[in-house]
Amino acid sequence: MPGHLTWKFGEELQALGFELLNEGISGAVHKDGKILTGDSPLAGNALGQLAAAQALAEVMAK
């Protein structure tokens, strides 16, 4: 999560071993294992498409 809230969540996530990738708000999405994330509300559409693709891939794998 970019901007002013990074400290609130970022430090805890980093302590758990997560790597923060984004520096700004671009609408970027990222997949790490089964965790899907988006950098801002701008990522909503792309995140939905990524989630749908991952759900279909899991269903087709079974």
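Definitions and limits used
Residues numbered from 1 in each chain as written. Predicted model: local features only at pLDDT ≥ 70, side-chain atom pairs only at ≥ 80, totals over all residues. Heavy atoms only, no water. Helix = DSSP H or I, 4+ residues; strand = E, 2+ residues; numbered from the N terminus. Buried < 20%, exposed > 50% of the residue type's maximum accessible area, 1.4 Å probe, protein only. Contact = heavy atoms within 4.5 Å. Areas by Shrake-Rupley, 256 points an atom, 1.4 Å probe, with all protein chains shown as cover. pLDDT = per-residue confidence, 0-100. Pairing = 2+ DSSP bridges. Lys, Arg positive; Asp, Glu negative; His and termini not counted. Salt bridge = Lys/Arg side-chain N within 4 Å of Asp/Glu carboxyl O. Polar contact = N/O pair within 3.5 Å; in protein donor to acceptor, adjacent residues only side chain to side chain.

Novice: How would you explain the overall build of the chain if you had to name every residue and give the values?
Specialist: Across its full length, the chain carries two helices and two strands. When its helices and strands are written in sequence order, the chain yields α-β-β-α. For the chain, the proportion of its 62 residues judged to be buried stands at 11%. If you take every contact in the chain between residues at least 6 apart in sequence, the share linking residues at least 24 apart comes to 4%. When the accessible area of the chain is evaluated, it comes to approximately 5000 Å², of which 62% is carbon and sulfur surface.

Novice: Run through the confidence of the model for the chain, naming residues and quoting values.
Specialist: Taken residue by residue, the chain gives an average pLDDT of 86. The fraction at 70 or more is 89%. Helix α1 (residues 6-15) is the least confidently modelled element of the chain, averaging 78 in pLDDT, while helix α2 (residues 44-61) averages 96, the highest of any element.

Novice: Let's hear about the pairing of strand β2 (residues 35-38): which residues, and what values?
Specialist: Taken together, the four bridges between strand β1 (residues 29-32) and β2 define a ladder with antiparallel strand orientation. Pairing of H30 across the sheet is with T37, part of β2.

Novice: Residues and numbers for the side chain of D39, please.
Specialist: With respect to the element layout, D39 can be found in the loop between β2 and α2. For D39, which is buried and forms no salt bridge, the nearest opposite charge comes from K31, at a distance of 18 Å. A polar side-chain atom of D39 sits 2.8 Å from the main-chain amide nitrogen of S26.

Novice: Kindly report on the side chain of S40, identifying the contributing residues and their values.
Specialist: Assignment of secondary structure puts S40 in the loop between β2 and α2. On the basis of relative accessible area, S40 is assigned to the buried category, the value being 14%. Beyond its immediate sequence surroundings of up to four residues, S40 is in contact with I25 and G27.

Novice: Account for the environment of V29, with residues named and values stated.
Specialist: In this fold, V29 is placed in strand β1. On a C-alpha basis, the gap between V29 and G44 in space is 8.9 Å, while along the polypeptide they are 15 residues apart. Those residues within four positions of V29 in sequence are excluded, and the remaining contacts are T37, G38, A43, A46, L47 and L50.

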